[in-house]
Amino acid sequence: MVNFEKLYKKVALQVIERCHGGIKITKHGKIIEVYDPVRHIWSKGIVGLVIKEECKNANLRDWEIANVRSYIILELLKKSKN
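This write-up is about the structure you can find in this document. None of these values were measured; they are calculated from a predicted model.

Rules and cut-offs
Residues numbered from 1 in each chain as written. Predicted model: local features only at pLDDT ≥ 70, side-chain atom pairs only at ≥ 80, totals over all residues. Heavy atoms only, no water. Helix = DSSP H or I, 4+ residues; strand = E, 2+ residues; numbered from the N terminus. Buried < 20%, exposed > 50% of the residue type's maximum accessible area, 1.4 Å probe, protein only. Contact = heavy atoms within 4.5 Å. Areas by Shrake-Rupley, 256 points an atom, 1.4 Å probe, with all protein chains shown as cover. Lys, Arg positive; Asp, Glu negative; His and termini not counted. Salt bridge = Lys/Arg side-chain N within 4 Å of Asp/Glu carboxyl O. Expected span 1.5 Å × (residues − 1). Core = buried A, V, L, I, M, F, W, Y, C linked by side-chain atoms within 4.5 Å.

1. Some points on the overall build of the chain
Inference 1: Check the secondary structure of the chain and you find three helices and three strands.
Inference 2: The secondary structure elements of the chain, listed N-terminal to C-terminal, are α-β-β-β-α-α.
Inference 3: Every one of the 82 residues in the chain was classed for burial, and the buried ones make up 38%.
Inference 4: When contacts within the chain are restricted to residue pairs at least 6 apart in sequence, those whose partners lie at least 24 apart make up 46%.
Inference 5: Here the chain has roughly 5600 Å² of accessible surface; of this, 56% comes from carbon and sulfur atoms.

Given below as structure tokens:
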């Protein structure tokens, strides 16, 4: 189980790095918008696509996207508190 947590966290950090911090979230931890430098657009719906692409690159299954998303939110909230 610990190995999966490390993998999810690694993929979450890759998503954050890919977006160069261009992820906007609410105070409650809901992702609002994301900037994708590959497509050069801000979008509300593209966040799922970016996460899905990074999960596919890491050979994760579709149902593991929710786990990665939660790690992204945790990392962003942790960074915003600092």
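Next comes the rest of the description.
2. A few points about the side chain of Glu64
Inference 1: Inspection of the secondary structure assignment puts Glu64 in the loop between helix H2 (46-57) and helix H3 (65-81).
Inference 2: Of the buried charged residues, Glu64 lacks a salt bridge, with Arg61 as the closest side chain of opposite charge at 5.7 Å.
Inference 3: When sequence neighbours within four positions are dropped, the list of residues in contact with Glu64 reads Phe4 and Tyr8.

3. Brief notes about H2
Inference 1: An ideal rise of 1.5 Å per residue puts 16 Å on 12 residues; H2 measures up with 17 Å between its terminal C-alpha atoms.
Inference 2: Taken as a whole, H2 has its buried residues at Ile46, Val47, Val50, Ile51, Glu54 and Cys55.

4. Things to note about the nonpolar core
Inference 1: Counting residues in hydrophobic clusters, the biggest one holds 19 residues, and the most contacted among them are Ile23, Val34, Ile51, Cys55, Leu60, Val68 and Ile72.
Inference 2: Put simply, the parts of the chain that give this core at least two residues each are helix H1 (2-18), H2 and H3.
Inference 3: In contact with Ile51, not counting residues within four places along its chain, are Val15, Ile65, Val68, Arg69 and Ile72.

5. A short note on the pattern of salt bridges
Inference 1: Scanning all chains against the criterion turns up two salt bridges.
Inference 2: Lys9 is the salt-bridge partner of Glu75, the closest N and O atoms lying 3.7 Å from each other. Highlighted residues: Glu75 in helix H3 and Lys9 in helix H1, separated in sequence by 66 residues.
Inference 3: For Glu75, the salt bridge identified is with Lys78, shortest N-O distance 3.4 Å. Taken as a pair, Glu75 and Lys78 lie in helix H3 at a separation of three residues, close to a single helical turn.
Inference 4: Note on Glu75: relative accessible area 9%, which makes it buried.
Inference 5: Via salt bridges that share partners, Lys9, Glu75 and Lys78 belong to a single interconnected network.

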